[in-house]
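Listed below, chain by chain, are the residues.
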Amino acid sequence: MEEEENKMAGKILVLIEHREGKVLDYNWGNLGFAVTLANKLNAEVSAVILSAVILAQDSASLVQSVKSKKINEIITVHDPKLEKYSPDTYAYVMQNLVSQGDIQVVVAGHTSIGWDFLPKLAVRLNVGLVSEVNGVEGEGENLIFKRQVYNGKLVEKVRVKSKPYLLTVERGGFPDIEEGGTPQVSNVSVDLSQIEVRTKIIEYVKSEKGGVDLTKSSIIVSGGRGLGKKENFQIVKDLAEALGGDYAASRPVVDNEWVERDRQVGSSGKTVKPKLYLACGISGAIQHLSGMKKSDVIVALNKDPDAPIFGVATYGVIGDLFEVIPALIEEAKKQGVH
Ligand SMILES: Cc1cc2nc3c(=O)[nH]c(=O)nc-3n(C[C@H](O)[C@H](O)[C@H](O)COP(=O)(O)OP(=O)(O)OC[C@H]3O[C@@H](n4cnc5c(N)ncnc54)[C@H](O)[C@@H]3O)c2cc1C
């Protein structure tokens, strides 16, 4: 009887995204989320790695970097058609894995891959999908998934009636998976010979050479639409220089070509974790927060006291950036900060 109660109730499949032989960082948070969920569902966590090569035979393989994580299993599927991502192959493989076992949940990152193939899988399985999940409440069959809507002003709570639950997970929304596991590795074969690959990635274009790697910066001064126009962004650059840091921006600033694309912070830009993140004229939309909220110290400068950025800020300055930033530059220079 006791044994029956402790029996694991199925699996949670987590797609591991990788590029150029490396697991992308945000997958560790996705696995961390899956473990939280597994405790609520009494389920196991299986990381799924799709690749063109036989991973088990490759000593420097992706499997090695997942092997130390506290999960139950690593499932690898290899096929030449999996060399580059395609929604056709990924949805097909995941559907196949779902059909092979008691799968409770399929998790992917809220990334251009996750939000591309998971809706396709949802249609095929005729189940619901919750996107950009950043919290979960309840236990067992009464799970409620949380996500932010209306630019982070409201939290939507979603209960899904169909299973498996398909979820994309907010980037940076959960703590990374713990080390110290010994997951078993299972190689699963899926026949992709009949698949017609209609959507193909042609190439990944790297950001311009000579650009900055914001993920390694320890001080970031970031500017938003509150700067008003391209010329005004110069004060953000000046403050970054005065503090010995790097400048960054929210997406509208990049879209308007005020600064280079590799300076964008957020869900469709960089995920950064500097010692100091100074956000100037940035409202704090969820897509921006997910890229910087793990920074050690966050200072928010905004004229609107209700701006959501203050919700994650260590220190907040309510004021006009055109007055505050020049004063900060002057002070930094006076103190010889840099
Ligand atoms: C799929 C998707 C992906 C996205 N990815 C990203 C992403 O990666 N990164 C990202 O940043 N956004 C992203 N966004 C956009 C995001 O939703 C917001 O629209 C964006 O972050 C807002 O940028 P902002 O804060 O600079 O501008 P706004 O929201 O317009 O905020 C400007 C702020 O400046 C303040 N302000 C104005 N004047 C002054 C002044 N003189 N002094 C002080 N404060 C002032 C205002 O009070 C306001 O809070 C994405 C959206 C979608 C749909």
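A brief report on the enclosed structure follows.

About the criteria used
- Residues numbered from 1 in each chain as written.
- Predicted model: local features only at pLDDT ≥ 70, side-chain atom pairs only at ≥ 80, totals over all residues.
- Heavy atoms only, no water.
- Near = heavy atom within 4 Å.
- Polar contact = N/O pair within 3.5 Å; in protein donor to acceptor, adjacent residues only side chain to side chain.
- Areas by Shrake-Rupley, 256 points an atom, 1.4 Å probe, with all protein chains shown as cover.
- Helix = DSSP H or I, 4+ residues; strand = E, 2+ residues; numbered from the N terminus.
- Nonpolar A, V, L, I, M, F, W, Y, C, P; charged D, E, K, R; others polar.
- Phe/Tyr/Trp six-rings, centres within 6.5 Å; stacked < 30°, edge-to-face > 60°.
- Buried < 20%, exposed > 50% of the residue type's maximum accessible area, 1.4 Å probe, protein only.
- Pairing = 2+ DSSP bridges.
- Axes fitted to C-alpha atoms, helices over the stretch in contact; angles between N-to-C directions.
- Contact = heavy atoms within 4.5 Å.
- Parallel < 35°, antiparallel > 145°, perpendicular 65-115°, else oblique.
- Left-handed = near helix turned anticlockwise from the far one by under 90°.

**Focus: the site of the ligand**
Piece 1. Taken together, 26 residues sit near the ligand, with R225, S250, S268, S283 and N302 positioned nearest.
Piece 2. In this structure, an oxygen atom belonging to the ligand sits 2.8 Å away from a side-chain N or O atom of Q287.
Piece 3. Protein contacts shield 78% of the accessible area of the ligand, which totals 990 Å² for the unbound molecule.
Piece 4. Elements supplying a minimum of two residues to the shell around the ligand: α7 (251-255), α8 (286-289) and α9 (321-335).
Piece 5. Taken together, the residues of the shell around the ligand break down into six nonpolar, 15 polar and five charged.

**Observations regarding the packing of aromatic side chains**
One pair of aromatic rings is described through two measures. These are the centre distance and the angle between the planes.
Piece 1. The final tally for this structure, using the stated rule, is five aromatic pairs.
Piece 2. Residues F33 and F174 carry aromatic rings whose centres are separated by 4.6 Å and whose planes lie at 45° to one another, so their mutual orientation is tilted. In this pair, F33 is assigned in helix α2 (residues 27-41) and F174 in the loop between β11 (165-169) and β12 (184-187), connecting sequence segments 141 residues apart.
Piece 3. Aromatic pair F233 and Y247: ring centres 6.1 Å apart, planes at 70°, arrangement edge-to-face. Taken together, the residues F233 in the loop between β13 (219-223) and α6 (234-243) and Y247 in strand β14 (residues 246-249) connect sequence positions 14 residues apart. An identical accessibility class is assigned to F233 and Y247; each is buried.

**Let's talk about the sheet that holds strand β5 (residues 73-78)**
Piece 1. Ordered in space as β7-β11-β6-β1-β4-β5-β12, the seven strands form an open sheet in which the pairing is parallel. The open sheet has two free edges, formed respectively by β7 (129-133) and β12, since each of these has just one partner strand. Strand-to-strand, the axes of this sheet are offset by a mean angle of 25°, without reference to chain direction.
Piece 2. Note: strand β1 (residues 11-15) against strand β6 (residues 103-109), four bridges, orientation parallel. Within β6, the residue paired with I12 across the bridge is V105.
Piece 3. The sheet strands contacting α2 are β1, β4 (44-51), β6, β7 and β11, and the helix crosses β1 at an angle near 170°.
Piece 4. Along the sheet face, helix α5 (residues 114-125) touches β1, β6, β7 and β11 and points at about 170° away from the line of β11.

**Some words on the packing of helix α4 (residues 87-100) against α5**
Piece 1. Running from N to C, α4 and α5 cross one another at 45°; their axes reach a closest spacing of 9 Å. Taken together, the axes of α4 and α5 lie oblique to each other. For the element pair α4 and α5, the recorded crossing hand is right-handed. Contact residues: α4 offers P87, D88, Y90, A91, Y92, M94, Q95 and V98, while α5 offers D116, F117, K120, L121, R124 and L125.
Piece 2. Class assignment for the residues of the contact of α4 with α5 results in nine nonpolar, one polar and four charged.

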